[in-house]
Amino acid sequence: MIQSSELILNPDGSVYHLNLRPEHIANDIIFVGDQNRVEKITQFFESIEFSTQKREFKTQTGLFKGKRITVLSTGIGPDNIDIVLNELDALVNIDLTTRRPKETLTPLNIIRIGTSGSLQQDIPVDSFVMSKYGLGLDNMLRSYQIDGVTNFAIEEAFSLHTGWDFRKGKPYVIKCSEKLEKMIESERIHKGITATAGGFYGPQGRVLRLPIQDADLNDKMDHFNFDGNRITNLEMETAAIYGLSALLGHNALSLNAIIANRASGTFSEDPYKAVDELIAYTLDKIAAS
């Protein structure tokens, strides 16, 4: 039995941070970072059956073209992903009354919709990027036993290419769900590696008043290529989502609307339109599955 100190429940039986009970979520779940983006997605729904919010975690579940979908805001960073994925998994794979894992496990389908800047000149603004791999530069996932789900060859190649300082921890690489990749892909989608940093400033190469450990890291990342897979963008969630989903038996995919291109110095003339188009594209793909 899982102790109450390990799986914390609220007085109403909901999981502690998300404030959700099992009946509140669908098997198809869309992640967004910003709580204000939840309704940008659910505005397309025919109906909303449930809505709640606790801290930055806002959830709405409803119907889109007859398909039951949950939209949930994760907030920023791998630490928040650790909370969200573990609590969602508990909702479907742990009996919250007996506090015992269920004999038959339920896989969730999780798609992240975000915005990002492209690192590659040939991936223009207003395009869509699918993360074929998540490259974790944080350290959160290494609290778990991850060797069975990581891509050792890409990890080693990246570490060698960048001259990685292992005092920062060892990078990890996780592949997306092949099931969701096939469901979402089209000629409109660019694919590549999404790097996930553990912070916004120094960990992503931004310099304000503090010098950073490797001022050339972003340039090295721009030029990394493993069997045709380049690093397309840099953010703070994808690799953590891929890693925990792979460990827990869920399907995960990360999509980004590209609103800036660092290589060309360009920015979308209408970033809100690009995001809305990605939302509509993704919802249609989910509903047709």
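In what follows, the structure referred to is the one given above.
Residues numbered from 1 in each chain as written. Predicted model: local features only at pLDDT ≥ 70, side-chain atom pairs only at ≥ 80, totals over all residues. Heavy atoms only, no water.

1. Some remarks on the pattern of salt bridges
Counting across every chain of the model gives 19 salt bridges. Among the ionic pairs, Arg 68 bridges to Glu 49, the shortest N-O distance being 2.7 Å. One end of the pair, Arg 68, is in strand β4 (residues 67-73); the other, Glu 49, is in strand β2 (residues 47-54), with 19 residues separating them in the sequence. Taking the shortest distance from any N to any O, the salt bridge between Arg 112 and Glu 237 comes out at 2.8 Å. Taken together, the positions of Arg 112 in strand β7 (residues 109-118) and Glu 237 in the loop between β12 (229-235) and α6 (238-248) put the pair 125 residues apart, joining distant regions of the chain. Glu 237 shares its class with Arg 112; the two are buried. Several salt bridges share partner residues, and in doing so they unite Lys 132, Lys 175, Glu 178, Glu 181, Glu 185 and Lys 191 into one network. (Salt bridge = Lys/Arg side-chain N within 4 Å of Asp/Glu carboxyl O. Helix = DSSP H or I, 4+ residues; strand = E, 2+ residues; numbered from the N terminus. Buried < 20%, exposed > 50% of the residue type's maximum accessible area, 1.4 Å probe, protein only.)

2. Quick look at a nonpolar patch on the surface
Taken together, the side chains of Phe 200, Tyr 201 and Leu 208 make up a nonpolar region of the molecular surface, amounting to roughly 350 Å² of accessible area. Relative to the assigned elements, Phe 200 resides in the loop between β10 (189-196) and α5 (217-222). (Patch = residues over 30% accessible without salt bridge, like charges linked within 9 Å, V, L, I, M, F, W, Y side chains within 5 Å. Areas by Shrake-Rupley, 256 points an atom, 1.4 Å probe, with all protein chains shown as cover.)

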